[in-house]
Amino acid sequence: MLSARGLHKRYDGADAVCGASLDIEKGEFVSIVGRSGSGKSTLLAMLGALTPPDAGELLIDGADLWRMAERRIADYRCRRIGFVFQFPSLLPNLTALDNTALPALLGHAMPAEAAYVRAADLLARVGLGERLLAYPGTMSGGEERRTVIARALVNSPQLLFADEPTSDLDQDTETDVIDLLHELQASEGFGLVLVTHNLELARRAERCYEMRDGVLAAFDLPTIAVARRPPSRVFGPAVEPAAPAPSAPAPVPLGRDLWGGVQRVLVAAAMVLGLVLGGDFVLGRYQAAQLRERSARAAVLAETALDSLRGEVASVTDLGDRHYELAIDLRNVGDGRAIYVMAPDMRAYVQVAQEWREVPISAEGRAAAKVQKIVGLETYRYRFRAQVTGYAQLLPNYMHVRFADTMLVSPSDTPKGEVFERRDNYYVYLKPSDIPDNVILERVHFPGKPPVWIPMPPH
Ligand code: ADP
Ligand code: MG
């Protein structure tokens, strides 16, 4: 159904994903594990048609997606795939029911009544039948995640991509949510691609892959599991048949089987040596250990820059006459140490046909500082003017706006070389100040007043 061929993506001259190939059949469950920064999210974004690859093909039923017209790509994204991201991105001012119905309403996938029936049904199936009218702020982490899953399924996607959907939940809730995904997969029949750090969860998949430094390779979880068992069974697979060993072996008098035991140990030792010298897997680990020393500092930095600092659009306020105020939340979710952001540069673009047309934007107050210290949550404000004509209307009457934020991130306010350049793109649909609500409501159904802005997943 979906076939990726040699997908490649570079960021700032470095390979994030190198030639990844993967086939996903209808209804299949595939998992991807790998260290932070190894390229899992980048790969998922390419598989989900959110990011175009620099090279390679994404074949959908045999046709290359990125050669299709923009409209068909958008249609694929909207109707055939669902995404569950690491952090729930529910709209705070909408109920669970409205949040869940929204993708169906926006995509015109079905009439509004049908969208609400489907949303209510899904919420009941994820165990939230009593919480249809709850607002995100009043839900537990597990409830929010269940709502996000219901929302991802409202358009009945054929494929669901889940990027570490449970990594911030406690273990029991995490297992519950993954059980739920598994059950829904069986009843709805969608293909599931799960990125997770949890090997126990990854094992449930029919196939598991590991991402290492941008390279995707099959990952043989059962082998790893054998190697992690107590030492008495480490050599098991070579000496014993693959079938489970008899649970109660006949007692052997001490000394009688001594030579047999020594031989067995020698064979096993030779095998281990052979693996160390020749086995790609072990060799890879050995090289990685050497490299780890050298790259540890770089990895800490990348982790600080990419994982410890989260950015999102907090709000967009209409100031009239297509002037707007943008508020961006930067949140330090690291271990408590400050993160310094230097030389932040925010640009704003409105999509016109296939192009991004730049519009003026300026930093307000603290956002204009050259060095920003981020300890907890910091909100930065910008003013921009989205005065363009002939803008693309992916959602009728709304502008499609991209904010591109480039910044240097460092754990020190006077860095000596240890800086990491990070680029974030935030996408929103934005309501033009001059179009009255009743005109908008003629073409798109909203659960209430048309919102000034609607956040979009990264793409
Ligand atoms: P994972 O999901 O496995 O943690 P990612 O796909 O997020 O990994 O990142 C892979 C690599 O790509 C990172 O090490 C980083 O160097 C680079 N990268 C990812 N996103 C960006 C970005 N927005 N700007 C610059 N580099 C990025
Ligand atoms: Mg990731």
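Refer to the structure printed above.
Residues numbered from 1 in each chain as written. Chains lettered and ligands numbered in written order. Predicted model: local features only at pLDDT ≥ 70, side-chain atom pairs only at ≥ 80, totals over all residues. Heavy atoms only, no water.

## Some points on helix α1 (residues 40-47)
Along an α-helix, residues three or four apart share an orientation, since each turn contains 3.6 residues.
And then number 1: Burial within α1 is extensive, with 7 of its 8 residues counted as buried.
And then number 2: Here α1 has its buried residues at Lys-40, Thr-42, Leu-43, Leu-44, Ala-45, Met-46 and Leu-47.
And then number 3: Looking at the residues trailing α1, positive phi occurs at Ala-49, about 60 degrees. (Buried < 20%, exposed > 50% of the residue type's maximum accessible area, 1.4 Å probe, protein only. Helix = DSSP H or I, 4+ residues; strand = E, 2+ residues; numbered from the N terminus.)

## A closer look at the sheet that holds strand β17 (residues 377-385)
And then number 1: Taken in spatial order, the 4 strands of this open sheet run β11-β12-β17-β15, and their pairing is antiparallel. For this open sheet the edge positions go to β11 (309-320) and β15 (361-364), each flanked by a neighbour on one side alone. For this sheet, the mean angle separating the axes of adjacent strands, direction not counted, is 25 degrees.
And then number 2: Summarising the sheet, strand β12 (residues 323-332) and β17 pair through 9 bridges and their orientation is antiparallel. Each bridged residue has a counterpart across the sheet, and for Arg-331 the counterpart in β17 is Leu-377. (Pairing = 2+ DSSP bridges. Axes fitted to C-alpha atoms, helices over the stretch in contact; angles between N-to-C directions.)

## Here we look at the sheet that holds strand β1 (residues 2-11)
And then number 1: The strand order across the open sheet formed by 4 strands is β2-β1-β4-β5, and the pairing between neighbours is antiparallel. Every interior strand has two partners, whereas the edge strands, β2 (14-24) and β5 (63-64), have only one.
And then number 2: Pairing of β1 with strand β4 (residues 55-60) involves 5 bridges; the strand directions are antiparallel. Note that in β4 the partner of Ala-4 across the bridge is Leu-58.
And then number 3: Across the sheet, α1 lies against β1, β2 and β4, angled at about 130 degrees from β1, the strand it touches most. (Contact = heavy atoms within 4.5 Å.)

## What about the environment of Ala-124?
And then number 1: Examined against the element boundaries, Ala-124 turns out to sit in helix α4 (residues 112-125).
And then number 2: Note on Ala-124: relative accessible area 43%, which makes it partly exposed.

## Side note on the site of ligand 1
And then number 1: With respect to spatial proximity, 14 residues lie near ligand 1, and among them Gly-37, Lys-40, Ser-41, Thr-42 and Arg-423 are the closest.
And then number 2: Take Gly-37: an N or O atom from its main chain is 2.6 Å from an oxygen atom of ligand 1.
And then number 3: For ligand 1, an oxygen atom lies 3.0 Å from a polar atom in the backbone of Gly-39.
And then number 4: Contact with the protein chains hides 79% of the accessible area of ligand 1, taken as 560 Å² for the molecule alone. (Near = heavy atom within 4 Å. Polar contact = N/O pair within 3.5 Å; in protein donor to acceptor, adjacent residues only side chain to side chain. Areas by Shrake-Rupley, 256 points an atom, 1.4 Å probe, with all protein chains shown as cover.)

## What about the nonpolar core?
And then number 1: Within the largest apolar cluster, 44 residues are counted, with the highest numbers of intra-cluster contacts made by Leu-326, Leu-330, Phe-384, Met-399, Phe-403 and Leu-430.
And then number 2: Elements with a minimum of two residues in this core: α3 (96-106), β11, β12, β13 (339-352), β17, β18 (399-410), β19 (420-430) and β20 (453-456).
And then number 3: Ignoring sequence-local partners within four residues, the contact set of Met-399 consists of Arg-322, Tyr-324, Val-350, Ala-386, Val-388, Tyr-391, Ala-392, Val-428, Tyr-429, Leu-430, Lys-431 and Pro-432.
And then number 4: Counting residues in each nonpolar core, the second largest holds 37 residues, with Leu-105, Val-148, Ala-162 and Ile-178 among its members. (Core = buried A, V, L, I, M, F, W, Y, C linked by side-chain atoms within 4.5 Å.)

## Examining the packing of aromatic side chains
And then number 1: Inspection of the entire model under this criterion finds 6 aromatic pairs.
And then number 2: The interplanar angle of 15 degrees and the centroid separation of 5.3 Å between the aromatic rings of Tyr-324 and Phe-384 together place this pair among those described as stacked. In this pair, Tyr-324 is assigned in strand β12 and Phe-384 in strand β17, connecting sequence segments 60 residues apart. Phe-384 carries the same exposure label as Tyr-324, and that label is buried.
And then number 3: Between the aromatic rings of Trp-356 and Tyr-427, the centroid separation amounts to 6.0 Å while the plane-to-plane angle is 50 degrees, which identifies the pairing as tilted. Linking Trp-356 in strand β14 (residues 355-359) with Tyr-427 in strand β19, this pair joins segments that are 71 residues apart in sequence.
And then number 4: With relative accessibility at 8%, the residue Tyr-427 sits in the buried group.
And then number 5: Members of the aromatic cluster, connected to one another through ring pairs, are Phe-83, Phe-85 and Phe-161.
And then number 6: For Arg-402, the ring lying beneath its charged end belongs to Tyr-349, and the centroid distance is 4.5 Å. (Phe/Tyr/Trp six-rings, centres within 6.5 Å; stacked < 30°, edge-to-face > 60°. Lys NZ or Arg CZ within 6 Å of the ring centre and 35° of its normal.)

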